[in-house]
Amino acid sequence: MLFGWSLSFETNQVKSSANLTSLDVRVVACQGSWVITSPNVDFVPEPHIFDKELCCQADGRFGLADCFQWPQSYHKDYAYAVCIPCEERFPFPNPLYIAWYMPTPADFVIPAGSSFQVGTLHESKVKAFEDLFRLMRSATHEIMRLQHHPLVFRDLVVFVAQLQRTLLDIYAVLQYVEILYPLLNTLPSHPVLTNPNWMGCFTNNTQVCKVLYFAGVPVWLVHREEFIPPTMNIVQPVRLTYPDRIVKAVYTENGVAKPFPAIYRGPCGALCHFHIHCPYEGNLTQEPQLTPSTASSSRTSSGSGRQSSQKQTKSTRERVTAGPSRASLQCSTSGQARWEEPDLPEIPKPHGLFVSAWKILDKNLQWTSSEHIDPGYHFPKPTLFVNVTSLEHKKTYLLNWLAARPLWISQVDVRPPSKFPSPQMWRDFLNTISMSIEQPSLTHSAASKSAVHNILGDDIVHLAQGMVGAPEAITWCGMEVQVASLSDPPLQFMRSLLWELYELNFRYELLALDRVLAAHLWISDESRITRQTLLYSIFPSESGLVMWSEPLLQGLQQLGMCASDMQVALPFLNNFCELLSTWPGAPAHLRTPAELDGQGNALV
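Conventions and cut-offs
- Residues numbered from 1 in each chain as written.
- Predicted model: local features only at pLDDT ≥ 70, side-chain atom pairs only at ≥ 80, totals over all residues.
- Heavy atoms only, no water.
- Axes fitted to C-alpha atoms, helices over the stretch in contact; angles between N-to-C directions.
- Helix = DSSP H or I, 4+ residues; strand = E, 2+ residues; numbered from the N terminus.
- Parallel < 35°, antiparallel > 145°, perpendicular 65-115°, else oblique.
- Contact = heavy atoms within 4.5 Å.
- Nonpolar A, V, L, I, M, F, W, Y, C, P; charged D, E, K, R; others polar.
- Phe/Tyr/Trp six-rings, centres within 6.5 Å; stacked < 30°, edge-to-face > 60°.
- Buried < 20%, exposed > 50% of the residue type's maximum accessible area, 1.4 Å probe, protein only.
- Lys NZ or Arg CZ within 6 Å of the ring centre and 35° of its normal.
- Core = buried A, V, L, I, M, F, W, Y, C linked by side-chain atoms within 4.5 Å.
- Arc of directions from axis to C-beta.
- Pairing = 2+ DSSP bridges.
- Expected span 1.5 Å × (residues − 1).
- Bend = angle between axes of the 7 residues up to and from the residue.
- Patch = residues over 30% accessible without salt bridge, like charges linked within 9 Å, V, L, I, M, F, W, Y side chains within 5 Å.
- Areas by Shrake-Rupley, 256 points an atom, 1.4 Å probe, with all protein chains shown as cover.
- Salt bridge = Lys/Arg side-chain N within 4 Å of Asp/Glu carboxyl O.

Student: Help me understand the packing of helix H14 (residues 525-536) against helix H15 (residues 566-580) in this model?
Tutor: In a packed pair of helices, the relevant descriptors are the angle between the two axes and the axis-to-axis distance. Between H14 and H15, whose axes approach to 8 Å, the crossing angle comes to 140°. Here H14 is positioned oblique relative to H15, judged by the angle of their axes. Where H14 approaches H15, its residues Arg531, Leu534 and Leu535 are matched on the opposing element by Asn575, Glu578 and Leu579. Taken together, the residues of the contact of H14 with H15 sort by class into three nonpolar, one polar and two charged.

Student: What exactly am I supposed to notice about the packing of aromatic side chains here?
Tutor: Each pair of aromatic rings is reported with the distance of its centres and the angle of its planes. Under the defined criterion, the tally for this structure stands at 20 aromatic pairs. A ring pair is formed by Tyr176 and Tyr181, whose centres lie 6.0 Å apart and whose planes are at 55°; its orientation type is tilted. The class of Tyr181 is partly exposed, set by a relative accessible area of 43%. An aromatic cluster of at least three residues, connected via ring pairs, comprises Phe379, Trp401, Trp408, Phe420, Trp426, Phe429 and Tyr508. For the cation-ring pair, Arg154 lies above Phe260, with the distance from its terminal atom to the ring centre recorded as 4.1 Å.

Student: I'm lost on the nonpolar core in this one. Help?
Tutor: One recurring pattern in soluble globular proteins is that nonpolar side chains are buried together. Grouped together as the largest cluster of nonpolar side chains are 74 residues, with contacts concentrated most on Phe379, Phe385, Trp401, Trp408, Phe429, Leu456 and Leu497. Those elements that provide at least two residues to this core are helix H9 (391-414), helix H10 (423-430), helix H11 (444-456), helix H12 (458-463), strand S17 (473-476), helix H13 (491-517), H14 and H15. Ranked by residues supplied to this core, first place goes to H9 with 11 residues. Not counting the four nearest positions on each side in its chain, Trp408 is found in contact with His378, Phe379, Trp401, Pro417, Phe420, Trp426, Ile455, Leu456 and Ile460. Membership of the second largest hydrophobic core comes to 62 residues, among which are Phe90, Ala99, Cys201 and Cys268.

Student: Explanation requested: helix H5 (residues 270-277) in the structure shown.
Tutor: Side chains of residues three or four places apart in an α-helix project in the same direction, reflecting 3.6 residues per turn. Among all positions in H5, only Cys272, His273 and Ile276 are buried. Viewed end-on, H5 has its buried residues packed into an arc of 100°, placing them on one side of the element. Elements that come into contact with the buried residues of H5 comprise strand S5 (52-54), strand S6 (72-73), helix H3 (153-185) and strand S16 (264-266).

Student: Quick question: what am I supposed to make of the sheet that holds strand S9 (residues 151-152) here?
Tutor: The pairing of strands in a sheet comes from backbone hydrogen bonds and takes either a parallel or an antiparallel form. If you walk across this open sheet you meet the three strands as S7-S8-S9, and the pairing is antiparallel. Only two strands of the sheet have a single partner each, and these edge strands are strand S7 (108-109) and S9. Here strand S8 (residues 118-121) pairs with S9 via two bridges, running antiparallel. If you follow Gly119 over to S9, its bridge partner there is Leu151.

Student: I keep staring at H9 and nothing clicks. Help me out?
Tutor: Relative to the 34 Å expected for 24 residues at 1.5 Å per residue, H9 spans 34 Å between its end C-alpha atoms, a close match to the ideal helical length. Along H9, the helix axis deviates most sharply at Arg405, where the bend reaches about 55°; the proline Pro406 sits within four residues downstream. Most of H9 sits out of view: 21 of its 24 residues are buried.

Student: For this particular structure, what's the right way to read a nonpolar patch on the surface?
Tutor: Nonpolar side chains collect at one region of the surface, where Leu513, Val516 and Leu517 lie side by side and expose about 190 Å² of accessible area between them. Note that Leu513 resides in helix H13.

By themselves, these figures tell us nothing about what the structure is for.
The following block contains the structure:
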């Protein structure tokens, strides 16, 4: 029989689906020369199963090629994907509804006094994700990032979408294990009732279609007209169902298109599934490109600087700004002073355990190398803030750092640059880099400023313009700081700010070291998450490595390895030792957790 508007071939139309086989169809629709049929559902979704460009859309999802939004081609390596739930089947108040929520600017919480649009997800939305998380017991890191990590709205949108994919993926796997796999393992003699909650899939394999049909999976068989047998029974021809609710627009800010780059181009299938499931690590945004002059300047650890009239000599400045994390390669005869922090009132006193360890450390420079680890600093060297030529310079340094701090922490955490600034580059930045376009210069100072500008980016440099447009007050760690007081800030404020910089530098340097010395543990997604969890467990806060909007640690339980009570500090120290135990040449005893001797002392 000829179905004029939809089909151009002869078939048999029947009135009931009671006696259909897997080769008969309940519905049929056409797209070009392709015929799409289904034996167990009453609609045909528009197929988007051919070559695609995989790219995040304005909602952080992957549009028409996203298996979490629209049926895709079946692939045996991702067989469970047919169990991905359909949005319309789980409206509020079902806990799963949050898996399709799209962030709005109203959900983007920016701390009071922030100079840049950096914030976190609203606590009500975080709670909805936590409620779903408690049901699934996974996605810990994704939820923590949304709750504690400073993000620009563009990144927040993508991280929300990633968390939603993770939760839907877990749901699909559980459904596959509990319901579908037993059916596929022992196929019923008659088709079971189709599960309307599942996404289903397309396939061009008649045997796969039959198996999924008998297991109750929504399935659509795609074939060409010439392969349609004239004996095929059809209940009803239908028009294609189009994905009208899926976002297909690129991301925009203030009316300006800022599309994410494509991460995959090719046929929909295993590779498409693979890239959709890959975690977002800042790779969907463009990174600043280093110019040749930047690359050479980034390897320079110090330079002439901007302050030509400074009272301190260059050697004095280098001695004060040197520290144990980055020693000058031009050491004195003993080599000892270069590895010590200056004894100044503003410098936080180190923990006794680390002082003891530092005394027995082999400080021979033959062990230092920048071949595998970038010698730059993730964050400004703390001693830069105490080595200034005038109180007005200190005010400028502090103001520029406090203004740029949230956005820079966000960039280091989400999409770190390939190289980090040297102490001299940080000095140039803190001393204010002009945003005006200047003629190219061959001077070392100009090259250093150009290098740090390329590393930090326009947004960061734009924030750090000294007193130009400076507010009367700025917020830091929940404290409102008067800008006028920064020329001679309270001692406790300086100690707290420098302590945070020491802590941030230590945490991210530890991460960089571990990724080199234990690189094999960062390869697969599973091992990466395990390693990340261990790294986070070394520190007491709930925000992983990030310190941003949280109040400064005060209580004994919040101090982690730095706690004076060994009973409090020991779990964190043991986690630290466990991390170090996998590094090459690590002592064997680090693999065994230390215990208390009953008198508050640790026994190794």
